[in-house]
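Structure at a glance
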Amino acid sequence: MLILGIETSCDETSAALVADGKTILSSAIATQMDLLKKYGGVVPEVAARRHTELIGYVIQEALDTGCKTLADVEAVAVTSRQGLIGCLMVGVAAAKSISYARQIPLIGLHHIEGHIFANRLSNPDLPIPHIALTVSGGHNMLVHVQENCRYEIMGATLDDAAGEAFDKVAKFLGLDFPGGPVIDKLSKQGNRKAFSFPRPMIKSKTLDFSFSGLKTAVINMFKAQIAAGEALPLADIAASFQEAIVDVLVAKTLRAVEDKDLNVVSVTGGVSANTRLREVFTETCKKKGIQVFFPKMSLCTDNAAMIAAAGYARMMLGERSDLRLNVFPNAPLGG
Amino acid sequence: MIVLGIDTSGYINAVGISDGVNVLADASFPARTDSLEQIVDNIDSVLKKANLALKDVAGIGVGLGPGSWTGIKVGVTVGKMLAFSANKPVAGIPTLDALAYGVRDKSPLVCAVIGAGIRDTIYAAFYRFANDLPVKEGDYFTGDAKDIAPLVKEPVTLVGSDANHYYELLTNEDKSLNTKIKALEATPSGAAVACLAAMRLKQGKADDTLSLMPLYLKESTAKVFVNKYSAKA
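Residues numbered from 1 in each chain as written. Chains lettered and ligands numbered in written order. Predicted model: local features only at pLDDT ≥ 70, side-chain atom pairs only at ≥ 80, totals over all residues.

Some words on the overall build of chain B
- In terms of regular secondary structure, chain B is built from 6 helices and 10 strands.
- Taken over the C-alpha trace, chain B has a radius of gyration of 18 Å; the compact-globule value for 233 residues is 17 Å, and the two agree within 12%.
- In terms of overall dimensions, chain B has C-alpha extents of about 50 × 50 × 30 Å along its principal axes.
- For chain B, the proportion of its 233 residues judged to be buried stands at 50%.
- Restricting the contact set of chain B to residue pairs at least 6 apart, pairs at least 24 apart contribute 71%. (Helix = DSSP H or I, 4+ residues; strand = E, 2+ residues; numbered from the N terminus. Rg over C-alpha atoms; globule rule 2.2 N^0.38 Å. Buried ≥ 20, exposed ≤ 12 C-beta atoms within 10 Å, placed from the backbone. Contact = placed C-beta atoms within 7 Å.)

The structure is reproduced here in structure tokens:
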């Protein structure tokens, strides 16, 4: 079954063709990096207007590079839940128009379920059940992934997502946007132990996260150094900050794995591209005999291939959306 | 040439069908904030009532706004993606044109108005008719409703969904206007959009499908702010 996936929940306009939920024929992604740099982040109305401008071209690109036409497409899968409302609307409006005009089935999906499937697309042998850590600028969750698209949310961030903390700290340090890749790169030249930043909630009994206090600690230390007229070892600050985040993410994920008596971890979302996070997860899991999986780099950030893959799985369970499909910006996973 | 017309720029989803001369169907559905949820269903029900399927129409007309930012994003995306998927030509029609076209027999001069969201700010344009087609006079107006008072020099029909309210504002501003202005409450009509689109498409003047964009007369607040800031810097 050839599925056209559409994803516009935040700032990437994307469309992809995926066959039978496994084979990516094409994945077209138009980033809004020019706008992000201009505004220092995502401005919902600006992003939504850009989606309106690009959506048709991106779908055309996905069809062209996949050497297919709309007549070959058997279903449309679209992100309809969790994201910026105006942005989600553009993708859903496009998806239901295609579904109606071509008389093919439509399915609306949750963005986070897409990220969970990004790892299944990259690693067909990823066992289920497993624990998924979804981590990006917009979400930060621990999910017990079960058979038949059933999910139990074990923990989530109480304030900033890890990626958001990366972006905000980078902005404060005067680094480029987005902060994740910039801090990752800079950290390679820094000393991870130069500063001892807090590891928020690392010992708490819950599996929830909180990164806003860590962000403040970094900013306060940075201000204190400026006030004292000391030199600013940016690479050391970046490396120490990154290490604190990585420590918390890894510790909590391993706790979730123990809680469910599992031995498989899937790390997914934009921050799963972070090299230090991958390194620590790989080392720690190896020691404990736990299998750990990461998506291909191209599937870490938002993309429509993961939505098409999730759509295929749901359709195999007999699920469909009707033409009244609407958007739900704050819907929980599974809702 | 049978054309499907849609407009979701206001608090209704307007869907109509026209061949450029006759109205085959014209319906409007209350939508407030859920134009996205209903629009494709609305299109389907209007087509079915006219015993047509999407494949039977020769083109698609879509109201570009101005109007609700969400509404016009939804309408234009649906309009262009239906056209793209069904391989039909598309024509974008400014919603103020469609409003004016609906009252072409009322007076030689028409002022079409649409609320711009904040208090009594409006989007507006003046139209005269040539061969029954609305021809816009001057630029689009965006601003406080009462500020169009000085622009009214001759009898004019004020048309829009809150025309009576704007009539009150204008005549309070300038008492002499009550003999010049006639207010007519009307919402954008899908059939008017379809009709104007059919005339354009017949002349081979389709819009480029994929690049079709809503008519934004106001920038987003963030863009206004950033532009101001970078101009100062």
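Following the structure, the description resumes.
A few points about the overall build of chain A
- Looking only at helices and strands, one finds 10 helices and 10 strands in chain A.
- Overall, the C-alpha framework of chain A stretches about 65 × 45 × 30 Å when taken along its three principal axes.
- Considering chain A as a whole, with its 335 residues, one finds that 53% of them fall into the buried category.
- A separation of at least 24 residues holds for 75% of the contacts in chain A among residues at least 6 apart in sequence.

A word on the interface of chain B and chain A
- Taken together, the 29 residues of chain B in the interface contact 29 residues of chain A.
- Within the residue set of the side of chain B that touches chain A, elements represented by two or more residues are helix H1 (35–49), helix H2 (69–86) and helix H6 (221–232) of chain B.
- Per element, the largest residue contribution to the side of chain B that touches chain A is 13 residues, and it comes from H2 of chain B.
- Considered class by class, the residues forming the side of chain B that touches chain A number 16 nonpolar, 6 polar and 7 charged. (Nonpolar A, V, L, I, M, F, W, Y, C, P; charged D, E, K, R; others polar.)

Digging into the sheet that holds strand S1 (residues 3–7) of chain B
Residues and elements named next belong to chain B.
- Taken in spatial order, the 5 strands of this open sheet run S3-S2-S1-S4-S5, and their pairing is mixed. Since the sheet does not close on itself, it has two edges, and those belong to strand S3 (23–30) and strand S5 (90–93), each with one partner. On average, adjacent strands in this sheet sit at an angle of 15° to one another, irrespective of strand direction.
- Where strand S2 (residues 12–18) lies against S3, 7 bridges are found, and the strand directions are antiparallel. The partner of Gly16 across the bridge, within S3, is Asp26.
- Here H2 sits on the sheet and contacts S1, strand S4 (59–63) and S5; the angle it forms with S4, its principal contact strand, is near 170°. (Pairing = 2+ DSSP bridges. Axes fitted to C-alpha atoms, helices over the stretch in contact; angles between N-to-C directions.)

With respect to the pairing of strand S2 (residues 13–19) of chain A
Residues and elements named next belong to chain A.
- The buried count for S2 comes to 6 of 7 residues, which makes it a mostly enclosed element.
- Bridge analysis of strand S1 (residues 2–7) against S2 gives 6 bridges, and the strand direction is antiparallel. For Leu2, the partnering residue across the bridge sits in S2 and is Ala19.
- Turn length for the S1-S2 hairpin, with the two strands adjacent in sequence and antiparallel, is 5 residues.
- Direction of pairing for S2 relative to strand S3 (residues 23–30): antiparallel, over a ladder of 7 bridges. Following the sheet pairing, Ala19 is matched in S3 by Thr23.
- Between S2 and S3, which pair antiparallel and follow one another directly, the connecting turn spans 3 residues, one of which, Asp20, has a positive phi of 50°.

Some remarks on the nonpolar core
- Within the largest apolar cluster, 178 residues are counted, with the highest numbers of intra-cluster contacts made by Ala308 of chain A together with Ala112 of chain B.
- Look past the residues within four positions of Ala308 of chain A in its chain and what remains in contact with it is Ile3, Leu4, Gly5, Ala16, Val18 and Ala77 of chain A. (Core = buried A, V, L, I, M, F, W, Y, C linked by C-beta atoms within 7 Å.)

Here we look at helix H6 (residues 179–187) of chain A
- All buried positions along H6 of chain A are accounted for by Gly179, Gly180, Ile183, Leu186 and Ser187 of chain A. For H6 of chain A, the angular spread of buried residues about the axis comes to 140°, placing them on one side. (Arc of directions from axis to C-beta.)

A word on the environment of Ile29 of chain A
Residues and elements named next belong to chain A.
- Mapped onto the elements, Ile29 comes out in strand S3.
- What makes Ile29 partly exposed here is the crowd of 19 C-beta atoms within 10 Å.
- Ile29 sits 275 residues away from Ala304 along the chain, and the two C-alpha atoms are 8.0 Å apart.
- Dropping the residues within four chain positions of it, Ile29 is found in contact with Glu12, Ser14 and Asn303.

Things to note about the environment of Met199 of chain B
- Along the chain, Met199 of chain B turns up in helix H5 (residues 190–202).
- Residue class for Met199 of chain B comes out buried when judged on the 22 C-beta atoms lying within 10 Å of it.

Let's talk about the domain arrangement of chain A
Residues and elements named next belong to chain A.
- According to the domain assignment, chain A consists of domain 1 (2–115 + 299–316) and domain 2 (127–294).
- Just the C-alpha atoms count here: the centres of domain 1 and domain 2 sit 27 Å apart.
- With 12 residues of domain 1 at the contact, the number on the domain 2 side is 13 residues.
- When contributions to the side of domain 1 that touches domain 2 are tallied by element, the ones reaching two or more residues are helix H1 (33–39), helix H4 (111–122) and helix H10 (305–316).
- In terms of residues, the side of domain 1 that touches domain 2 owes the most to one element, H4, which gives 3 residues. (Domains from an automatic or database assignment.)

Here we look at the packing of helix H8 (residues 234–259) of chain A against helix H9 (residues 275–288) of chain A
All names here are of chain A.
- Direction vectors running N to C along H8 and H9 enclose 40°, while the axes themselves pass 10 Å from each other. Between H8 and H9, the interaxial angle falls into the category oblique. Pair H8 / H9 crosses with right-handed handedness. Contact residues: H8 offers Gln242, Val246, Leu249, Val250 and Leu254, while H9 offers Arg276, Leu277, Val280, Phe281 and Thr284. (Parallel < 35°, antiparallel > 145°, perpendicular 65-115°, else oblique. Left-handed = near helix turned anticlockwise from the far one by under 90°.)

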